[in-house]
Amino acid sequence: MAVTDPKISDTRPVIRQLDDAAINRIAAGEVVERPASAVKELVENALDAKASRIEISIADGGKTLIRVTDNGVGMTADDLPLALSRHATSKIDGTDLLNIHSFGFRGEALPSLGAVGRLTIRSRTASGDGAEVTVAGGAHDAVRPSALTAGTVVELRDLFYATPARLKFLRTDRAEMQAISDVIKRLAMAEPFVTFILTDVSGGNSRVTFRADAETGDMFDALHARLRSVLGRDFAENALAIDAEREGVHLTGYAALPTYSRGSAVQQFLYVNGRPVRDKVLIGALRGAYMDTLSRDRHPAACLFIDLDPTRVDVNVHPAKSEVRFRDPGTVRGLIVSGLRHALAEAGHRASTTVASATLGAMQPEPQGARIYQMDRPTPSSGPAYQAPSTGFAEMAPEYSGRVESPVQTPEQADHQDRPLGAARAQVHENYIIAQTETGIVIVDGHAAHERLVYEKLKTQMAENGVAAQALLIPEIIEMSDGDTAQLLAVADDLSRFGLTIEPFGGGAIAVRETPAILGEVNAEAMLRDIVDELSDQGSSSLVQEKLEAILSRVACHGSIRTGRHMRGEEMNALLRDMEQTPRSGQCNHGRPTYVELKLSDIERLFGRT
């Protein structure tokens, strides 16, 4: 390949030792990508200092001012120069880099910030005097006394003034402020017992953009209240509490119902030992837990915390500590999948409350013409405001598309009204069941509901009886690389449970002996290569299971009640009772709701009765 400027001279390059200022600026390029990165490091320092109240002030998206004030343990005058030295930290002693219990541990953040901006630190311990130190562009001033209550104030001005080229890559003030807000919210969800206040002080004005006061109560109650304040009431009302443990790994948090899904992964928050992370294993496990309840274009919402022995996870694999590496990722993934699926199954037929809100919103009439004010309304003398229709009900009867059950009921049918999904009262458009509950009405999509019921029964039968395998008369030999072959053979036992039997065939070849009978004719090579890709990307593969469940879903669709079929009252009530007893019956196989519940108070509000 021809290179016009290889940047290689004839003279031998000389190895040089960089000065501290250059070293710190290079480190800042890894640690401080943008103002939000600086805020993250400073707030994490405050949390490590056991602060219970943290105030963050930002000007111009963090480009001109970032100020973090906390009421933590503080630092002495002797500590301040050390805090600005590289690889000086109070959080580890250096003997065990795997047993880490704090957010920070490298001792790089403060000297890196001081190398690219104007940094001032004022701090005081509960029993000592206040002190202050300033560093600009890597140059330190002497420590001097400062008037301050217990705690620490870190002020960073003119970020990247020492490296002006970095300023060209920053986004608008509004975008940078949004990124800072996202960082604070992520940390606030992990620390519900700490108060967080984010203030925009741009242009001399002070405006609080986010505030989360410290919560009280046990951990689950405090976390639920914090999620309500950060993610909103809808998430809190439709989230399921998660509490599961396996082999020393503890999973807690809240996961939303499948019918409360999002168009992107914006509401997926994952933490390992309290540290917010973005990890492929965890994201893949979360997706796998909702595999048969969401379509591929929808994403689950969840806030999950994984706690385990720090020696079983390496957090020192990314400059910003946003990625981790588990010693046993299979255990963690299995816990997430099983814990979430168990919670979703226990939720039974429950569906998201946002479904009813969307339904009520769709029922609101569109405004006709200009708004009419009281003074413009017609007087009683101007004629009646309502004209009775000229067509009688009898003449409209042929256009009806519904049937109503007789009001005469057996005592057993009358008791159905006490059940969660109520008693069936009618079927309209030969598909939708109208049921009456004690507090309102329920509208059920008969086809989607029955499809889900049949699907769950088929899955149960497959789990109990196993997957029937179809032996190939002539085994299919597939040539693959040694690495791909090793990955496939490592999960051969898991694949055989789903009817896919593979064996080594010498060199890099694999022999496919059996395939799942329900899949019919299978392109084994394409399937194995897809499995390898999934193993390389996520560390595990659920491809075969997904294909099997996709077949079961299609079988359930064809075997369920078809739209257009008239149902008797006892059939409709039997369907409602089955829904109440079947896990995940609140949504169809694609994540859409199978029923909508409208409270009587909401219906009355539609007609202006409240």
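For the structure, see preceding data.
Residues numbered from 1 in each chain as written. Predicted model: local features only at pLDDT ≥ 70, side-chain atom pairs only at ≥ 80, totals over all residues. Heavy atoms only, no water.

Some words on the overall build of the protein chain
Of regular secondary structure, the protein chain possesses 19 helices and 24 strands. Going through the 610 residues of the protein chain one by one, you find that 45% of them count as buried. A separation threshold of at least 6 residues defines the contact pool for the protein chain, and within that pool the share at least 24 residues apart is 69%. Roughly 32,000 Å² of accessible area belongs to the protein chain as shown, and the carbon and sulfur atoms make up 52% of that amount. (Helix = DSSP H or I, 4+ residues; strand = E, 2+ residues; numbered from the N terminus. Buried < 20%, exposed > 50% of the residue type's maximum accessible area, 1.4 Å probe, protein only. Contact = heavy atoms within 4.5 Å. Areas by Shrake-Rupley, 256 points an atom, 1.4 Å probe, with all protein chains shown as cover.)

Thoughts on the sheet that holds strand β23 (residues 509–516)
Within the open sheet, the three strands sit side by side as β21-β23-β22. Their pairing is antiparallel. With one partner strand each, in any of the chains shown, β21 (469–479) and β22 (501–504) form the two edges of the open sheet. Adjacent strand axes in the sheet meet at a mean angle of 20° when their direction is disregarded. Here β22 pairs with β23 via four bridges, running antiparallel. The partner of isoleucine 502 across the bridge, within β23, is valine 512. Contacting β22 and β23, helix α14 (residues 482–490) runs over the sheet at an angle of about 130° to β22. (Pairing = 2+ DSSP bridges. Axes fitted to C-alpha atoms, helices over the stretch in contact; angles between N-to-C directions.)

Some remarks on the packing of aromatic side chains
Tallied over the entire structure, the rule returns three aromatic pairs. Between the aromatic rings of tyrosine 271 and phenylalanine 305, the centroid separation amounts to 4.5 Å while the plane-to-plane angle is 10°, which identifies the pairing as stacked. Here tyrosine 271 is found in strand β12 (residues 268–272), whereas its partner phenylalanine 305 is found in strand β14 (residues 302–307), with 34 residues between them in sequence. Of the two residues, tyrosine 271 and phenylalanine 305, neither departs from the other in class, the shared state being buried. Positioned over the ring face of tyrosine 161 is arginine 118, at 3.9 Å from the centre of the ring. Across from the ring centre of tyrosine 260, 4.9 Å away, lies the NZ or CZ of arginine 262, which sits over that ring. (Phe/Tyr/Trp six-rings, centres within 6.5 Å; stacked < 30°, edge-to-face > 60°. Lys NZ or Arg CZ within 6 Å of the ring centre and 35° of its normal.)

Considering the pairing of strand β2 (residues 65–70)
In the sheet, strand β1 (residues 53–59) pairs with β2 via six bridges, with the strands oriented antiparallel. By the bridge assignment, isoleucine 56 is partnered in β2 with valine 68. The hairpin formed by β1 and β2 contains five residues between the paired strands, and aspartate 60 there has a positive phi angle of roughly 55°. Of the pairings in the sheet, the one linking β2 to strand β7 (residues 151–157) comprises six bridges and is antiparallel in character. Its bridge partner lying in β7, threonine 69 is registered against valine 153.

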